[in-house]
Structure formats: structure tokens, C-alpha cells
Amino acid sequence: MNSRALAAAVLMAFLGTVATAPSVRALSVFTELSPPSAQMENGALTGLGVDIVREIQKRTGDATPIELLPWARAYAMAVARPDIVLFATTRTPERAPLFHWIGPIMRLKWAFYAPAGKMKPLASLDEAKTVGSIGTYNGDARERFLLDHGFTNLDSANTPVANVKKLLAGRLDLIASTDMGIRFGTQRACLKPGQLENVYTFQAVDLYIAFSKGSDEAVVTAWNEALADMKADGTFQAIYSRWLPGEAVPE
């Protein structure tokens, strides 16, 4: 074989290898501003969930930037398209078959909050159905939970901060929020400590990193293994305790 023929054969072999090699599928990684999972500090995105995801990305060699999107939009995209990562996502029985789940990475309590001193503690979910109006967050798992339990007095807003403002303006009787949302969301909503109080806790939930169905299973496995390694070597506990000192770490 002369040199020209040899070069052509090498080129064809290379092109054949490229054509048959598995393509690397691009991920999209979405979150929303929801302290302590994701928040802005001095113009930079940070938070408990952000730190966990970035450590997983570091260990798996993924450099996908984390994008901020409104929750309802990001969730709809994750349900409809493969190769989307969404965090921090509440795992519910209804959502369980819709995603691959990595975690848990956070633990929250869902509760009804009222302005301090304005309402006596509630005794049950049924009692909450009798109040005038309860602010919920559009597309959020708490809103879905309450709708599924027969609530007809919900007032859905596009942001949790909007709910707080309506509550303080007297346009709502309660808001459905989380212990962490109230604890970390006071600055964004211009709240003073103790201005809102929990009048009924109705659920405890774990939050996960959700991978959309149809995503590359090898990538999902790699992320799961990276998180398991983080929990085994103490990295996860260190990140969690940095953001939530004294809080129990989800296993």
C-alpha cells in the first residue's frame, strides 16, 4: 500500500470511529431562587443545593452551568424533555414515576403561616379549609398537595415573596410555606424576625435532585454514585452543616 492509500485508509478508519462513537448528550441544570438551596450573594449564585450540585459536577466531570428559571417553567420542561436536572425538587407519590431521583439533599417542614398574633393555632387540615384564603406558589408541591386534599380557598402566586406581601397587606389569611422558606426568605420579603408564625405543620418532606426521564442512564448513575461518595466521605455533611448548622442531615 502506497503512502497516499495508507493515509486514506487511516482517515476512513478515524471517521468510522467518530461516526460510531456514542455522542455526549448535553445536560441542562435548572433551579430557582429559594434559600437556602439557591440564592444570590454579591451577584453570584450560591446555596446549599448549589454547593451540592457543583460538588457532584466536579466529581463527574460535568461543567454544565446552573440556570435560574421560574419553577413552573423549569418543572414543565423537566417533565417533557430528557437530560434536564432540576433541584431542589420535592419527591411526592405523584411525582415519583416522573423522574430519576438523586438524594435526598434537604429536609423541610410544610406549614401554614400567619402574621404573629393574628390567628390561633389550627387543629387540622380540615380547619384550614375554613379560612378565607391561603396563599400558595404556582406549580409548587405544597399547592398540589392542598388541591389534592380538597382545598378550594387557595390563592396562587408566581413567587413566594408575592404571597408574603399579600399576607402582610391583609389580602390573605395564611400562606403555605416551609420552615426554611420562612427562615431564609425574610430578607427578600422585607420581613422582620418573628413577624410570621407557624399555626399548623401539615407535612415533612425530603428534597432531591430530579433527572428527567429519558436522560442518559450512565449519567444518572454517575451523579447518584457521586452523591453517595460525598455522604460516605463527609463532604455532604460538611456542606449541609455549613448552611444549616445544627440541623439533622438527611441520609
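Before any of the text, the structure's been laid out above.
Just so you know, these numbers come straight off a predicted model, no measurement behind them. (Residues numbered from 1 in each chain as written. Predicted model: local features only at pLDDT ≥ 70, side-chain atom pairs only at ≥ 80, totals over all residues. Heavy atoms only, no water.)

Draft legend 1. Seen up close, the environment of Arg95. Relative to the elements of secondary structure, Arg95 occurs in the loop between β5 (84-90) and β6 (99-115). Taking the C-alpha atoms as reference, Arg95 lies 9.6 Å from Val79; in sequence the two are 16 residues apart. If we ignore the near neighbours within four places in the chain, the residues touching Arg95 are Trp71, Tyr75, Thr89, Thr90, Trp101, Gly139, Asp140 and Ala141. (Helix = DSSP H or I, 4+ residues; strand = E, 2+ residues; numbered from the N terminus. Contact = heavy atoms within 4.5 Å.)

Draft legend 2. Structural detail: the pairing of strand β1 (residues 28-31). Across the two faces of β1 the burial is the same, with Ser28 and Phe30 and Val29 and Thr31 all buried. Bridge analysis of β1 against strand β4 (residues 66-68) gives three bridges, and the strand direction is parallel. Across the sheet, Val29 pairs through a bridge with Ile66, a residue of β4. (Buried < 20%, exposed > 50% of the residue type's maximum accessible area, 1.4 Å probe, protein only. Pairing = 2+ DSSP bridges.)

Draft legend 3. Fine view of the packing of helix α2 (residues 48-60) against helix α9 (residues 235-243). Closest axis-to-axis distance for the α2/α9 pair is 9 Å, and the angle between their directions is 155°. Classified by the angle between their axes, α2 and α9 sit roughly antiparallel to one another. Once α2 is placed against α9, the crossing between them reads as right-handed. Contacts from Leu48, Asp51, Ile52, Glu55 and Arg59 in α2 reach Thr235, Phe236, Ile239, Tyr240, Arg242 and Trp243 in α9. For the contact of α2 with α9, the class distribution of residues is six nonpolar, one polar and four charged. (Axes fitted to C-alpha atoms, helices over the stretch in contact; angles between N-to-C directions. Parallel < 35°, antiparallel > 145°, perpendicular 65-115°, else oblique. Left-handed = near helix turned anticlockwise from the far one by under 90°. Nonpolar A, V, L, I, M, F, W, Y, C, P; charged D, E, K, R; others polar.)

Draft legend 4. A look at the sheet that holds strand β8 (residues 154-157). Read across the sheet, eight strands follow the order β4-β1-β5-β10-β6-β9-β7-β8 without closing on themselves; strand pairing throughout is mixed. Of all strands in the sheet, those with a lone pairing partner are β4 and β8, marking the two edges. Averaged over all pairs of adjacent strands, the angle between their axes in this sheet comes to 30°, without regard to strand direction. Along the sheet, helix α8 (residues 217-233) makes contact with β5, β6 and β10 (196-212), crossing β6 at roughly 65°.

Draft legend 5. Spatial organisation of helix α3 (residues 71-80). Among all positions in α3, only Trp71, Ala74, Tyr75, Met77 and Ala78 are buried. With its buried residues spanning 160° around the axis, α3 presents them on a single face. Buried residues in α3 make contact with β1, β5, β6, β7 (134-137) and β10. (Arc of directions from axis to C-beta.)

Draft legend 6. Highlighting the environment of Glu143. Considering the arrangement of structural elements, one finds Glu143 in helix α5 (residues 141-148). Look at Glu143 and you get buried, because its relative accessible area is 10%. Considered as a pair, Glu143 and Leu154 are 11 residues apart in the sequence and their alpha carbons are 8.0 Å apart. Not counting chain neighbours up to four residues away, the residues in contact with Glu143 comprise Thr136, Tyr137, Asn138, Leu154 and Ser156. Looking at Glu143, its side chain comes within polar contact range of the main-chain nitrogen of Gly139, at 3.2 Å. (Polar contact = N/O pair within 3.5 Å; in protein donor to acceptor, adjacent residues only side chain to side chain.)

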